[in-house]
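# Survey of secondary and tertiary structure
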Amino acid sequence: QGNFYPGTGHPTTVGTGSGAGYNLNVGWNESGKGDGDYLHAFHELILPLALEYQPQLVFISAGFDSGKNDPLGKCCVTPAGYGQMTRYLMGVCKGKVIVALEGGYNLETVSNGIRACTSVLLGDYPDLPDNAAPSPGGRKSIDFAMQNIAPFWSNLIPSSSSPVTPKESQEIEELGEEPDTEPEDLTAEDRLMAEMAESSNAKEIVEVSDSPQVFAVHPKTWCEHLEEHVKTAPLELAASPPCSVCQDSSESWYCLHCYQPFCSRYVNEHGLHHAIGHSHLMNLSMSDLSVWCYGCDSYVHNEVLLDAKNKGHIAKFGEPAVKIELASIAEISNRIQQD
């Protein structure tokens, strides 16, 4: 609540004049806040506000003072919590995120936090936190921040519970005690996350994923299906085309043979069904412009694919990724094989 350097950051500081409402501070009223408290602040405050504001770029000042075992911050955020927050922010403006390393006073905590954030930036799904439920004191702090910022934003809805006064917040800090029972007024999303974190499957995932390594995907530079299964892209592609079967557009892929859009294997698998049924094996993701070959069961990046990738980039960002001089697919394929 503004007690750290440089002495700013109190929840009542929301900006002045034309900047009123553009400064959001969530000031914890006691130490020990963990993943559930931070994630609840995202659900209740940060994400609704960000979706209404619609930023063009998200800049994360990535300090890990709030990490578990940090001697200054004295909070308990785990690498899984940092990974979840990074993933949330990547969804605010189509992945346009800058993560700039800041501070932290426990080298192991900083290292693990960096690893978790980098892993998510590379496309991995974050681990599930062991405890995704907010503490009573955390909810009080979030409600207090909400009362100060909500008048400026239509997406923010204050809690129906009685207002939290600074005196109440101070009393919680002085008590420093939190009931072991789960709060009864959790949102449906919070309850779902808590149940997932408590399930045996989720814990197995966390344990299996608890590795000091970060994995990057290295696509094949050539595959035998390029020449037969990649056709010239139409003049224009859509950024998020609906699946031609189920109309879902949450994760769209273009078939690079017939250029019909389909949903991914993680939605309704219509892209996979099309590939098997028609032997159209190469697909372009409109999420990250990667190309997957069902015949090789691998990502592929090759000069043959640049035309389709550039048109996908134009659809998403209004400009090509690279300038290329097009040769025929057969010529490029022959040249690669000769090399």
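Residues numbered from 1 in each chain as written. Predicted model: local features only at pLDDT ≥ 70, side-chain atom pairs only at ≥ 80, totals over all residues. Heavy atoms only, no water.

## A few points about the environment of Gly73
For Gly73, the position within the fold is in the loop between strand S1 (58-62) and helix H2 (79-90). Owing to a relative accessible area of 17%, Gly73 belongs among the buried residues under this scheme. The spacing of Gly73 and Ser31 is 42 residues in sequence and 7.8 Å in space, taken between C-alpha atoms. (Helix = DSSP H or I, 4+ residues; strand = E, 2+ residues; numbered from the N terminus. Buried < 20%, exposed > 50% of the residue type's maximum accessible area, 1.4 Å probe, protein only.)

## Regarding the packing of aromatic side chains
This structure, assessed with the given rule, holds 7 aromatic pairs. Ring centres of Tyr22 and Trp153 lie 5.5 Å apart, and the angle between their planes is 80°; this geometry places the pair in the edge-to-face category. On the criterion of sequence distance, the pair formed by Tyr22 in the segment before helix H1 (35-53) and Trp153 in the loop between helix H4 (136-149) and helix H5 (166-175) is long-range, its members being 131 residues apart. Residue class for Trp153 comes out buried when judged on its relative accessible area of 10%. Taking 4.8 Å as the distance between ring centres and 80° as the angle between the ring planes, the aromatic pair formed by Trp292 and Tyr299 counts as edge-to-face. Tyr299 gets classed as partly exposed once you look at its relative accessible area, which sits at 29%. Among the aromatic side chains, those forming a connected cluster through ring pairs are Tyr22, Tyr53 and Trp153. (Phe/Tyr/Trp six-rings, centres within 6.5 Å; stacked < 30°, edge-to-face > 60°.)

## Observations regarding the state of the cysteines
If you walk through the whole model with that rule in mind, you get 0 disulfides. Cysteine Cys76 shares no disulfide, and the gap to the nearest cysteine sulfur, in Cys75, comes to 6.9 Å. (Disulfide = S-S within 2.5 Å.)

## Quick look at the confidence of the model for the chain
In this model, the chain carries a mean pLDDT of 80, and residues with pLDDT of at least 70 account for 76%. Confidence drops under a pLDDT of 50 for residues 161-166, and excluding neighbours within four residues, the segment shows 9 contacts in the predicted structure. A low-confidence stretch, residues 168-184 stays under pLDDT 50, and its non-local contacts, those more than four residues away or across chains, total 23 contacts. (pLDDT = per-residue confidence, 0-100. Contact = heavy atoms within 4.5 Å.)

## Remarks on the sheet that holds strand S5 (residues 282-285)
The 5 strands lie next to each other as S4-S3-S5-S6-S7, forming an open sheet whose pairing is antiparallel. In this open sheet, the two strands that pair with only one neighbour each are strand S4 (261-263) and strand S7 (298-299). Strand direction decides the pairing type here: strand S3 (residues 252-255) and S4, joined by 3 bridges, are antiparallel. Bridge pairing in S4 links Ser252 to Cys263. Where helix H9 (residues 270-278) meets the sheet, it contacts S3 and S4, and its direction lies at approximately 120° from that of S4. (Pairing = 2+ DSSP bridges. Axes fitted to C-alpha atoms, helices over the stretch in contact; angles between N-to-C directions.)

## With respect to the nonpolar core
Formed by 32 residues in total, the largest nonpolar core has its most connected members in Leu45, Val58, Met85, Ile149 and Leu156. For this core, the elements supplying multiple residues, two or more each, are H1, S1, H2, helix H3 (107-121) and H4. Of all the elements, H1 adds the most residues to this core, at 8 residues. For Met85, the residues in contact, after removing those within four places along its chain, are Tyr38, Leu39, Phe42 and Val77. (Core = buried A, V, L, I, M, F, W, Y, C linked by side-chain atoms within 4.5 Å.)

## As for unusual backbone geometry
Phi angles above zero are rare outside glycine, and Lys94 is one such case at about 55°. Here Lys94 lies in the loop between H2 and strand S2 (97-101). Overall, the relative accessible area of 64% leaves Lys94 in the exposed class. Backbone geometry places Ser279, a non-glycine residue, at a positive phi of 55°. Summarising the element assignment, Ser279 is placed in the loop between H9 and S5.

## Looking at the pattern of salt bridges
For the structure shown, the criterion picks out 2 salt bridges. Salt-bridge contacts for Lys33 lead to Glu30; the nearest nitrogen and oxygen are separated by 2.9 Å. Classification of Lys33 by relative accessible area gives buried; the value is 0%. With a closest N to O distance of 3.4 Å, Lys311 and Asp307 form a salt bridge. Placement of both Lys311 and Asp307 in helix H10 (residues 306-317) is noted, with a separation of 4 residues, approximately one turn of the helix. The two residues Lys311 and Asp307 agree in class, both being buried. (Salt bridge = Lys/Arg side-chain N within 4 Å of Asp/Glu carboxyl O.)

## A short note on the pairing of S3
Side chains Ser252 and Tyr254 project from S3 onto one buried face, and the interleaved Trp253 and Cys255 project onto a second face that is buried too. The turn linking S3 back onto S4 is made up of 5 residues, and Tyr259 within it adopts a positive phi angle of 60°.

## What to know about H4
For the α-helix, the turn length of 3.6 residues means that residues three or four positions removed from each other point alike. If you check H4, its first and last C-alpha atoms are 20 Å apart, about what 14 residues at 1.5 Å a residue would give, namely 20 Å. Of all 14 residues making up H4, 11 are buried, and the element is well covered by its neighbours. Inspection of H4 places Gly137, Gly138, Arg139, Ser141, Ile142, Asp143, Phe144, Ala145, Met146, Asn148 and Ile149 among the buried residues, and these make up the whole buried set. (Expected span 1.5 Å × (residues − 1).)

## Some points on H1
The sharpest bend along H1 comes to roughly 45°, located at Phe42. The buried count for H1 comes to 14 of 19 residues, which makes it a mostly enclosed element. The first or second residue beyond H1 is Gln54, which carries a positive phi of 55°. (Bend = angle between axes of the 7 residues up to and from the residue.)

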